[in-house]
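Coordinate inspection notes
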Amino acid sequence: MDNPRIPFLKPHLVELPAYEPLIRSIEQSHIYSNFGPLNTRFETELLGRFFTGAGALSTVNNATIGLMVALRLHGLTGRRHVIMPSYTFVATPLAAMWAGFTPYFVDVAPDDWALDHDKVTAALQALDGDVAAVMPYATFGNNIDLAFYADLERQGIPVVVDAAASLGCFDGNANFGTGFPGLVVYSLHATKSFPVGEGGVIYSARTDLIARLRGMLNFGFDQNRVSAEMGLNGKLPELLAAVGIATLQAFDAGAMKSRAAAERYIAAFGGPDFARRGWQTQRLRGDVLRPFFPILTPPDRPASGVLQHLEAHGIQTRAYFNPTCHQQPAFRDCPHGDLTQTEAMAPRSLCLPQWNALPQEDIDRIIGLLASAA
Ligand SMILES: *Cc1c(COP(=O)(O)O)cnc(C)c1O
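Residues numbered from 1 in each chain as written. Predicted model: local features only at pLDDT ≥ 70, side-chain atom pairs only at ≥ 80, totals over all residues. Heavy atoms only, no water.

Not every one of the 13 residues close to the ligand is listed here, only the nearest: Ala 63, Thr 64, Asp 162, Ser 187 and Lys 192. One of the side-chain N or O atoms of Thr 64 is found 2.6 Å from an oxygen atom in the ligand. Between Lys 192 and the ligand, the recorded distance is 2.9 Å, taken from a side-chain N or O atom to an oxygen atom. Protein chains shield 90% of the accessible area of the ligand, which is 380 Å² for the free molecule. Residue classes in the shell around the ligand are distributed as 5 nonpolar, 6 polar and 2 charged. (Near = heavy atom within 4 Å. Polar contact = N/O pair within 3.5 Å; in protein donor to acceptor, adjacent residues only side chain to side chain. Areas by Shrake-Rupley, 256 points an atom, 1.4 Å probe, with all protein chains shown as cover. Nonpolar A, V, L, I, M, F, W, Y, C, P; charged D, E, K, R; others polar.)

Another aspect to go through is the packing of aromatic side chains. The full count for this structure, using the stated rule, is 25 aromatic pairs. Taking 6.2 Å as the distance between ring centres and 35 degrees as the angle between the ring planes, the aromatic pair formed by Phe 42 and Phe 194 counts as tilted. Of the two residues, Phe 42 sits in helix α2 (residues 37-50) while Phe 194 sits in the loop between β8 (183-187) and β9 (200-204), which places them 152 residues apart along the sequence. According to the relative accessible area criterion, Phe 42 is buried, its value standing at 1%. The class for Phe 194 is buried, based on a relative accessible area of 0%. Aromatic side chains Phe 50 and Phe 170 sit 5.1 Å apart centroid to centroid with 80 degrees between the ring planes, which places their arrangement in the edge-to-face category. (Phe/Tyr/Trp six-rings, centres within 6.5 Å; stacked < 30°, edge-to-face > 60°. Helix = DSSP H or I, 4+ residues; strand = E, 2+ residues; numbered from the N terminus. Buried < 20%, exposed > 50% of the residue type's maximum accessible area, 1.4 Å probe, protein only.)

Okay, the nonpolar core next. In terms of nonpolar packing, the biggest core is built from 56 residues, with Ile 83, Val 134 and Tyr 149 touching the most fellow members. Each of domain 1 (16-249) and domain 2 (251-373) gives at least three residues to this core. Leu 71, Ala 96, Leu 213 and Cys 325 belong to the second largest nonpolar core, which has 34 residues in total. (Core = buried A, V, L, I, M, F, W, Y, C linked by side-chain atoms within 4.5 Å. Domains from an automatic or database assignment.)

Read across the sheet, 3 strands follow the order β10-β11-β12 without closing on themselves; strand pairing throughout is antiparallel. In this open sheet, the two strands that pair with only one neighbour each are β10 (280-281) and β12 (349-353). Strand direction decides the pairing type here: β10 and strand β11 (residues 292-296), joined by 2 bridges, are antiparallel. Paired with Thr 281 across the strands is Ile 295, a residue of β11. (Pairing = 2+ DSSP bridges.)

This part takes up the domain arrangement of the protein. By the assigned domains, the protein splits into domain 1 (16-249) and domain 2 (251-373). Averaged C-alpha coordinates put domain 1 and domain 2 at centres separated by 25 Å. Linking domain 1 to domain 2 there are 4 salt bridges. Ionic pairing is found between Asp 111 and Arg 283, a salt bridge with its closest N-O pair at 2.8 Å. Of all the secondary-structure elements, those providing two or more residues to the side of domain 1 that touches domain 2 are α2, α4 (91-98), β3 (102-106), β6 (170-171) and α8 (238-270). (Salt bridge = Lys/Arg side-chain N within 4 Å of Asp/Glu carboxyl O.)

Three or more residues of helix α7 (residues 207-216) are buried, namely Leu 209, Ile 210, Leu 213, Gly 215 and Met 216. Tucked into the core, α7 has its buried residues touching β1 (56-60), α3 (63-74), β8 and β9. (Contact = heavy atoms within 4.5 Å.)

Have a look at this one:
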């Protein structure tokens, strides 16, 4: 008999019994949104457990809106460009465009697949005074080095980190981003590392930034409910805050399963057999939680062929970031620097399934198929 089909992702949220009492409490309070009691509890518990209680955070209805508002608040007005990678999800440049800026794509480094610092410095010089913000992406939840970006903040260049895949990814004893003086935006989408369904979180070490941001997420209202700036509705409903609280309570158990699955892949692709043939993995820092396993196929073996080979065996994979952003029609007119590394990586990019309940035998079968294929 054929093996059952393996989907790329199988999103799994906490189950109803874990948050049913919280939903009942909404029926008692009759508060359904507007940063209500469950939202406040979720924010307080998250800040304490993941961010050592330092700084401040706000929920938002999704990370794309979060990035837009963060750029609008923190970006320098009167300047045009937001420096960002092209090797990212389209939400990164889309958010910059909705915030009124023009994406400027910069190349990534070959080891951790995140913005190349030297090329960011070169772009800042080339765009001389016309950079509104720098927006690095913490690629696939990796704990990228934030010291370089904290330095930019000190020089007066605003930084908004796209950390969509990073909630629950720890750098030492704190979540990625803890203590960062710019703005860090995380997603709570069902397919990300902290799955709630839809939603996001915006963190900063600067409590004043988060206080202003919260006004912007509520129609730009000031204390007198007068619209003081160009806000919008970016609030997380209480129903989802309830799921968030339960997700936080159940988080450690789920994270363990993802880690076990990743270790299988890391052992195989880190071994000499795959490395010798040109397979590459991402260099990771800290404790990274990825709901799938990203790899680069050998340079002489495009990911599209590997994808078809696995598909023929009922295994679904996804070629995230191929095409990269600057190769897609919506961003055709966006300026960019040298993108040699980005363009070399795109056709080699492939993500393998590694969701929580995926049996280890299935991962071994996937590794076996890749090892045996010519
Ligand atoms: C998922 C994702 C987003 C958008 O997050 P949403 O909460 O779905 O809006 C932004 N940037 C990157 C890199 C992502 O992977």
